[in-house]
Amino acid sequence: MAYGINRLKRRRAGDAELAHRLAAPFHGAPLPWIPWWTTPLSPPPDRIVALPSDHRTELFVLDTGSGAHGVLEGQTGRMVEAEGPGLPDLVDAERISLAGHAVALVTDGTGHQWIHQPGTPRLIDAGRSAASWRPSEPGSLPSGPGPADPSARALFDGRLVVCVGTRDGSVIVEDALDGHRIAGREATHDGPVTALVALYDASGLSVLSGGADGSVWSWRPRRDRGERVLLLDGPVRALDITVDDTLFVSSDHGVSAFRGGLPAAEERTGGG
């Protein structure tokens, strides 16, 4: 089901005042994140897929528990009304590159897949995945929001790795082929890691993680000790970031956007 547009009629655009109020307990990094907007959504999504296109960004958001989904304008937080017939409950969403463009690949409860292309409100039928797929069993999630052990594939020092957030709050980088541990940051969060993305800048790989404790951390494996860049007053359910350093975070209040930047590598020292 789509998020109810009618319920958001009076607040179709993101609320800047609410964003600043929710960020009151926020602790800044050397380059602070500035609250931009917050769009209340119920239930709050546990998937955010940021899709840059033509100097703008769209967010495909999904709550995997209810199947509620929608599209937000990245610059305003405004909800874009979806078109087309009702879909089976959607259970997962991820960003992929298709013909050189970023799109959201969405999976429903039967294993059928759909594509959301920025600027196109109707989901495109992509057929059934060739790979075997089965939905998560009830009760398979850790205490707190978000999926168990969120992970992201990345390239690190010339090899394919998997960055994993654990239930004890640690963030680990493992070799994707043999599972060998390459680097790790223990007890990054007080409680389960609930969201994780891998990103790249001039210094290489960074891992951005959110936790049930409401914190968001940035860590460059083997290059620094990590930096807490955001602290909210509730659990982080999902997050994503764009190349122009716009951070999108889902919490119990809905989806919030922050503008700023991660600290430069040369400003941070220490072992990872």
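See the structure above.
Summarised in this report is the structure supplied together with it. Since this is a predicted model, take the numbers as computed values, not measurements. (Residues numbered from 1 in each chain as written. Predicted model: local features only at pLDDT ≥ 70, side-chain atom pairs only at ≥ 80, totals over all residues. Heavy atoms only, no water.)

### Considering the packing of aromatic side chains
Now for step 1: Counted according to the given criterion, the structure contains 1 aromatic pair.
Now for step 2: Judged by centre distance (6.1 Å) and plane angle (40 degrees), the ring pair of Trp-37 and Phe-248 falls under tilted. Of this pair, Trp-37 sits in strand E1 (residues 34-39) while Phe-248 sits in strand E19 (residues 246-251), and the two are 211 residues apart along the sequence. Pair check on accessibility: Trp-37 and Phe-248 agree, each one buried.
Now for step 3: The ring of Trp-217 has Arg-185 lying over it, and the distance from NZ or CZ to the ring centre is 4.3 Å. (Phe/Tyr/Trp six-rings, centres within 6.5 Å; stacked < 30°, edge-to-face > 60°. Helix = DSSP H or I, 4+ residues; strand = E, 2+ residues; numbered from the N terminus. Buried < 20%, exposed > 50% of the residue type's maximum accessible area, 1.4 Å probe, protein only. Lys NZ or Arg CZ within 6 Å of the ring centre and 35° of its normal.)

### Things to note about the side chain of Glu-58
Now for step 1: Along the chain, the position of Glu-58 falls in strand E3 (residues 56-62).
Now for step 2: The class of Glu-58 is buried, set by a relative accessible area of 7%.
Now for step 3: Of note is the side chain of Glu-58, whose polar atom sits 3.1 Å from the side chain of Arg-56.
Now for step 4: A distance of 2.9 Å separates the side chain of Glu-58 from the backbone nitrogen of Gly-119, its partner in a polar contact.
Now for step 5: Non-local contacts of Glu-58, meaning those with residues more than four positions away in its chain, are made with Val-49, Ala-50, Leu-51, Val-71, Leu-72, Gly-74, His-116, Gln-117, Pro-118 and Gly-119. (Polar contact = N/O pair within 3.5 Å; in protein donor to acceptor, adjacent residues only side chain to side chain. Contact = heavy atoms within 4.5 Å.)

### What to know about the sheet that holds strand E14 (residues 193-201)
Now for step 1: Spatial ordering of the open sheet is given by E14-E15-E16-E17, a layout of 4 strands whose pairing is antiparallel. The open sheet has two edge strands with one neighbour each: E14 and strand E17 (227-231). On average, adjacent strands in this sheet sit at an angle of 20 degrees to one another, irrespective of strand direction. (Pairing = 2+ DSSP bridges. Axes fitted to C-alpha atoms, helices over the stretch in contact; angles between N-to-C directions.)

### Remarks on the pattern of salt bridges
Once their charged atoms are close, side chains differing in charge can pair, the charge on each being opposite to the other.
Now for step 1: All chains considered together, the criterion is met by 10 salt bridges.
Now for step 2: Close ionic contact of Asp-92 with Arg-47 constitutes a salt bridge, the shortest N to O distance being 2.8 Å. Here the residue Asp-92 occupies a position in strand E6 (residues 90-98), and Arg-47 occupies one in strand E2 (residues 47-53), the gap between them amounting to 45 residues.
Now for step 3: One salt bridge connects Asp-157 with Arg-222, and the closest N-O pair in it is separated by 3.6 Å. Pair noted here: Asp-157 is in the loop between strand E10 (151-156) and strand E11 (159-165) and Arg-222 is in the loop between strand E16 (215-219) and E17, with a separation of 65 residues, a long-range link.
Now for step 4: Take Arg-222: its relative accessible area is 46%, and that puts it in the partly exposed class.
Now for step 5: A single salt-bridge network, built from bridges that share partners, covers Asp-46, Arg-47, Asp-63, Asp-92 and Arg-237. (Salt bridge = Lys/Arg side-chain N within 4 Å of Asp/Glu carboxyl O.)

### Considering a nonpolar patch on the surface
Now for step 1: Side chains of Leu-155, Leu-160 and Tyr-200 sit close together on the surface and give an oily, nonpolar patch of about 310 Å² of accessible area.
Now for step 2: Positionally, Tyr-200 belongs in strand E14. (Patch = residues over 30% accessible without salt bridge, like charges linked within 9 Å, V, L, I, M, F, W, Y side chains within 5 Å. Areas by Shrake-Rupley, 256 points an atom, 1.4 Å probe, with all protein chains shown as cover.)

### A few points about the side chain of Thr-107
Now for step 1: Residue placement: Thr-107 occurs in strand E7 (residues 101-108).
Now for step 2: Only 3.5 Å separates the side chain of Thr-107 from the side chain of Gln-113, close enough to count as a polar contact.

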